[in-house]
Structure formats: structure tokens, C-alpha cells
Amino acid sequence: MTRLVYIAVVPRALPSSIELDLSLDDADEPEILRARVAARLGVPPDALPILSIARRSIDARKNRVSLHLLVELGAPPRAPLREPREVSGEPVIIVGDGPAGLFCAHELARSGIASVVLDRGKTVQPRRHDLAGLQKRGVVDPDSNYCFGEGGAGTYSDGKLYTRADKRGDIRDVIETLAANGAPEEILVDARPHIGSNKLPRVVSALRERLEAVGVRFEFGARVVELLVTDRVARGVELADGRRFEGRAVVIATGHSARDVFTLLLRHGVPLEPKAFALGVRIEHPQALVNRAQYGAAADHPKLPNASYRLAETIDQRGVFSFCMCPGGWIVPASTEPDALVVNGMSLSRRDSPFANSGLVVGVEPGDWERAGFHGPLGGVELQRAIERAAHDAGGDMLRAPATRASDFLAGRASMDVPESSYVPGLVASDVAPILDVAGVPLSEKLRAALRVFDKRMRGYGSSEAVLVATESRTSAPVRTPRDPETLEAVGLAKLYPTGEGAGHAGGIVSAAMDGIRVARAIASTSSGTR
């Protein structure tokens, strides 16, 4: 008798995702991707579901450069974005049209709650003319510059979208909202997403126009000079031109440089706390030098983007680190006051400038500036001002910036000349160390010690090809406005919501946007009676 034995073949359960390294030459070949995933899992390529790239990054380690991918296998599509809908009722007054204010208005509109967004600056197109005035004529408009205007400081300063604040909200919601309003789809998968200063203005305008279409109101050239308060409840604001706007709540989302708003809050008895921040310079290198240091022999590969870096070291128990690194970028004047010099970095979407720049900054704490004679909640602001004015005086007129070759800075001497730079107003060869130390806080010594370490980690980082440009002082707000942990209202003043980077509750575009969303939800929960 013949016995037949049937063996059931059960398809092997596949993981939901897999991490994979591909060569740069294979990165754009879908069939190669499927073959590599199949080989890793031990299944035929035709047994794989649809593959999608969830995260993409360049891995440059141990003289090996590859494309590192997180590949999803048959992942279900995400739920569609919640769109803003027609708004009605008493509005929320939002002061500031940066990411915190804009995303606060967007989230409120998702709940049908009206808002009026006020910004002291201009919309993106006329704002460009004021930025040209900064670059070419050294003219600072205190209400329209790299810090103030539609989209806030991030609009014309690179548009970086990465953040470590992943516990504060839904990062993906912010990124997808930007992509839905015209940002490149690459931001959905890049590990360090970036839009670029040439594209982000259009995205910001598109998001504003989307909100205007559902009834959200925007007012530009609207500088707030007074809070309207009754019985310790915020009712609205008054503008410099005398107009008043009243509503159900007031959101203060004015960014890290609106120093007059800090003073306004103090005048109304809103407590402010001094907050640690960082001060230093911009350091600029030829991009080719950074590419060689990061990519080695692969530096000239046509599929490699201009390289970035992130450096940090602890010197005498104080952090010294790179900040807001801009590969293929420019250094720009970010001053908001006529007698002060501030520099920042930006890059376009292609990141194709021949220069790379980064903030190179030292962490400072309230005790540092108190020992130097700056007291009270705005002591950090006064420290910033002292260094910014010293930089302005050292550079002379037209926002020219004092600068020192890195090799000279390490040697403790002034530079007699400086290398070619992306900074359009121009550099003045000098010694930046006395500028950094002018207020009595010893920054240059810690910066010099860290630079020696960084030069060992990245060949050429402290060479004569690198230049230090003073001064990078607006890394974050030196002030925090405390708020109730449950309601998110300011302590001691109901219906006032300090929000975003200027309030000390965020740092950067995405975290500020998430804080705006969080505040909007707190306001909506009050309106719906859920709190």
C-alpha cells in the first residue's frame, strides 16, 4: 500500500520593515532594492509585498559611504491629513506668524475655531526686499528682517525640519502638512529633512492662503505694543497703529528675538525666567574640505550631497557644539536692531554653494551673566546685546562682520586677512576673541579648547581655510515664560498662552510647530468643555 504524505507550505511571515545599506550607484534602482530585501529575508523577490522607503540617510563611517534605508514591507497607508474647515465664532488672537503661530492657527481651524494671526513683519515677497537691504546696504528694518515676517526666522534661514523633540507631539503631522502645501516629498523620508530658503517661503504662503480660504484672518505690519487685560484675564492686544483685536484667548508666539514682547509681558506681571542658551560664532569652510573630511575617497561621487557634520565637546563642564549646520550655504546678517550685529546661516534646496557654515557656540547659564553684572529675567538678553554691539562696532558700518581665521584664533592672535566668504556685506579681518569676552563671560577660551578637539576629529576644521565670523547669538531665547502644565496658560494671567521658541518651550521649526499645535488643542479642549 502506498502512503501519500502531503506537506503544507505556509508562507513565511515577513517583518513590517527592514534596515538595509545600498551602494550609492544602486540607490535609484527599484529592482535592486527588491532583490536585496528578498535576499536578506530568504524569499523570492516576487513573494515580497509592495516596498516603500520610510527613512533614508547617508551612512559615512570607517571609510565606507552607503545609503542607509528603512524599508517598509506592505505598510498600510497612513490616514489622510485632517484638513482645516470653515471657522466661526469669537477668534483666538495669535501674535506671531512663525511656525508656532501658523500651526496653532492651522490646528484651531481643524476644530473650526476662528483666529486672527498678527505679525509685525511683511509677507514673504515684500520681505525679500528688506532682506536685500540688509545684505547690500546694511539697512536694518526692526520689523522686517531675517527674524520677523511671514513664516518667522526659519523662512529665510535654511528650513531645517529635524528635531529631537519626538515626545512633544506628532512630528509626522507637521512634515506631512508642509508636504501637502508644496514642500518636496523627499522630506517625508529623509532622516534630516530640509526644504531650503528658496522653497520654504512658497510653502508658508500656501499654508496661509489655505487658512485664509476657510476664514482665518492674517494681518501683517501689525506690531503689538499692549496687552488688553481685565481682571487678570487676557482679552486681546493693541497695535502700534492704535487698532485693537479682542478674542477668546491670546497666543504669544513671537520667536526668540522679540525682545520688546518680553518687556511687555513683564509690565503686565507675567513672570519670566532666565534660561540657558548658547553664544559664539559662525564658522565657515570650503564645502570641499568638509566633503573630504566626511566622505573620504568617495567625496567626489556625483550622487553624494554636500556633507554636513555635528560636533560637540564638554570643556570645563560646559558644552561647546556646532549648531544649525548649513552645507552648501551662506552666512547672512540676522540683526534686528540697527546698532547690533548678528549672523546666521541659510542654504537653498540644492545646497550648492561652495561654502559650508555652522554655528560654533558655547552653552551659557544664568549664573554666568549674573557674575558678569547682568541681573533679572532679561539678563541673558543684555548679555546678547553687549556682544552683538561689540561685533557691530568692530565690523564698522554696512553690517560688515569681524572675522578671524581659525588657525589664528587657535594661536590667540588677530588675522591680517581672511579667506573668501559667502557673507555678502563682507568680513573685516580682526580678533573675535575680545568680542566674545567683552561682557565678562569667558567664551573664547572654551571655544578655542573645543576647536582644537574638533580639528583632530575633522581634518582641516581648525585650519587657515576656516574663518570664525562674529557673532552667533540667537540660538534660542534666553528667557522662558512659565505656564501651567495642564492648561498651558501663563502663570498668573488667564487666557494668555506663551508658545514656541520665544516662550522657551521649543527650539526650531518642527518643535515650535508642535508646540503651537499643543496650545491649539488646549484652547479647543477648553472651548468644548473637555477640560
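Here the structure is shown first, and the text comes after it.
S.K.: Even after reading the chapter, I still don't get empty space enclosed by the protein, so can you show me in this structure?
M.R.: Empty space among the atoms can be located by rolling a probe the size of a water molecule over them. The full count for this structure, using the stated rule, is two cavities of 30 Å³ or more. The volume enclosed by the largest cavity comes to roughly 110 Å³. Around the largest cavity, the lining residues are Pro99, Leu102, Phe103, Gly151, Gly154, Thr155, Leu178, Leu200, Val204 and Ile509. If you list the elements that add at least two residues to the lining of the largest cavity, you get α2 (99-110) and α5 (200-213). Of the residues contributing to the lining of the largest cavity, the split by class is seven nonpolar, three polar and no charged. Size it by volume and the second largest cavity reaches roughly 50 Å³. Taken together, Ile252, Thr254, Val261, Phe262, Leu265, Thr481, Pro498, Thr499, Gly502 and Ala503 make up the full set of residues lining the second largest cavity. Taken together, the residues of the lining of the second largest cavity sort by class into six nonpolar, four polar and no charged.

S.K.: What's the story with the layout of surface pockets in this structure? I'm lost.
M.R.: What the second largest pocket holds in volume is close to 1,600 Å³. Of all the secondary-structure elements, those providing two or more residues to the lining of the second largest pocket are α1 (30-41), β2 (51-61), β3 (64-73) and α7 (287-295). Take the lining of the second largest pocket: its biggest share by element is nine residues, from β2. Broken down by class, the residue content of the lining of the second largest pocket amounts to 28 nonpolar, seven polar and 15 charged.

S.K.: What's the story with the packing of α2 against α5 in this structure? I'm lost.
M.R.: Each pair of packed helices gets described by two things: the angle between the helix axes and the distance between those axes. Their axes nearest at 10 Å, the elements α2 and α5 cross at an angle of 35°. Every pair of crossing elements has a handedness; the one defined by α2 and α5 is left-handed. For the pair formed by α2 and α5, the contact residues are Leu102, Phe103, Ala105, His106 and Ala109 on the first element and Val204, Leu207 and Leu211 on the second. Residue composition of the contact of α2 with α5, by class: seven nonpolar, one polar and no charged.

S.K.: Is there a simple way to think about the packing of α2 against helix α4 (residues 171-180) in this case?
M.R.: Interaxial distance between α2 and α4 falls to 13 Å at its minimum, and their mutual angle equals 90°. When the axes of α2 and α4 are compared, the pair comes out roughly perpendicular. Touching Phe103, His106 and Arg110 of α2 are Asp173, Val174, Thr177 and Leu178, all from α4. Considering only residue class, the contact of α2 with α4 consists of three nonpolar, two polar and two charged.

S.K.: Whenever I open this one, the sheet that holds strand β10 (residues 249-252) confuses me. Can you help?
M.R.: For sheets, the rule is that strands pair by backbone hydrogen bonds, running either parallel or antiparallel. With parallel pairing, five strands are arranged side by side in an open sheet as β6-β5-β4-β10-β22. Both outer strands of the open sheet, β6 (217-220) and β22 (496-498), are each paired with one neighbouring strand and no more. Averaged over neighbouring strand pairs, the angle between their axes works out to 20° when direction is ignored.

S.K.: Please clarify how the pairing of strand β14 (residues 318-326) should be interpreted in this entry.
M.R.: The side chains of a regular strand alternate, residue by residue, between the two faces of the sheet. Note: strand β13 (residues 312-315) against β14, four bridges, orientation antiparallel. Its bridge partner being in β14, Ala312 is matched across the sheet by Phe321. If you look at the hairpin formed by β13 and β14, you'll find two residues sitting between the two strands, and Asp316 has a positive phi there, around 50°. Here five bridges tie β14 to strand β17 (residues 355-364), and the two strands are oriented antiparallel to one another. When the sheet's bridge partners are listed, Cys326 is paired in β17 with Asn357.

S.K.: Explain the packing of aromatic side chains here, please?
M.R.: Think of a pair of aromatic rings as described by two things: how far the centres are apart, and how the planes are tilted against each other in angle. All chains considered together, the criterion is met by four aromatic pairs. Between Phe218 and Phe220, the aromatic rings sit 6.4 Å apart at their centres with planes inclined by 10°, giving stacked as the arrangement. Ring geometry for Phe277 against Trp369: centres 5.5 Å apart, planes inclined by 45°, an arrangement best described as tilted. In this pair, Phe277 sits in strand β12 (residues 277-286) while Trp369 sits in helix α8 (residues 366-371), placing the two residues 92 residues apart along the sequence. Relative accessible area serves as the criterion here: at 6%, Phe277 is assigned to the buried category. Among the aromatic residues, those joined into a ring-pair cluster are Tyr309, Phe454 and Tyr461. Sitting over the ring of Phe148, Arg120 keeps its end group 4.5 Å from the ring centre.

S.K.: Quick question: what am I supposed to make of the pairing of β3 here?
M.R.: Inspection of the sheet shows strand β1 (residues 17-22) paired to β3 by six bridges, in the antiparallel sense. Each residue of the ladder has a partner; that of Asp21, found in β3, is His68. Two strands pair when backbone bridges link them, and β2 and β3 are joined in this way by 10 bridges, in the antiparallel orientation. Looking across to β3, one finds that Ser52 is bridged to Glu72.

Criteria and cut-off values
Residues numbered from 1 in each chain as written. Predicted model: local features only at pLDDT ≥ 70, side-chain atom pairs only at ≥ 80, totals over all residues. Heavy atoms only, no water. 1 Å grid on protein atoms, 1.4 Å probe; cavity = no way out; pocket = protein on both sides within 12 Å on 5 of 7 lines; lining within 4 Å. Points joined across faces, edges and corners; volume = space filled by probe spheres on them. Helix = DSSP H or I, 4+ residues; strand = E, 2+ residues; numbered from the N terminus. Nonpolar A, V, L, I, M, F, W, Y, C, P; charged D, E, K, R; others polar. Axes fitted to C-alpha atoms, helices over the stretch in contact; angles between N-to-C directions. Left-handed = near helix turned anticlockwise from the far one by under 90°. Contact = heavy atoms within 4.5 Å. Parallel < 35°, antiparallel > 145°, perpendicular 65-115°, else oblique. Pairing = 2+ DSSP bridges. Phe/Tyr/Trp six-rings, centres within 6.5 Å; stacked < 30°, edge-to-face > 60°. Buried < 20%, exposed > 50% of the residue type's maximum accessible area, 1.4 Å probe, protein only. Lys NZ or Arg CZ within 6 Å of the ring centre and 35° of its normal.

Such coordinate-based values are descriptive only and should not be taken to indicate function.
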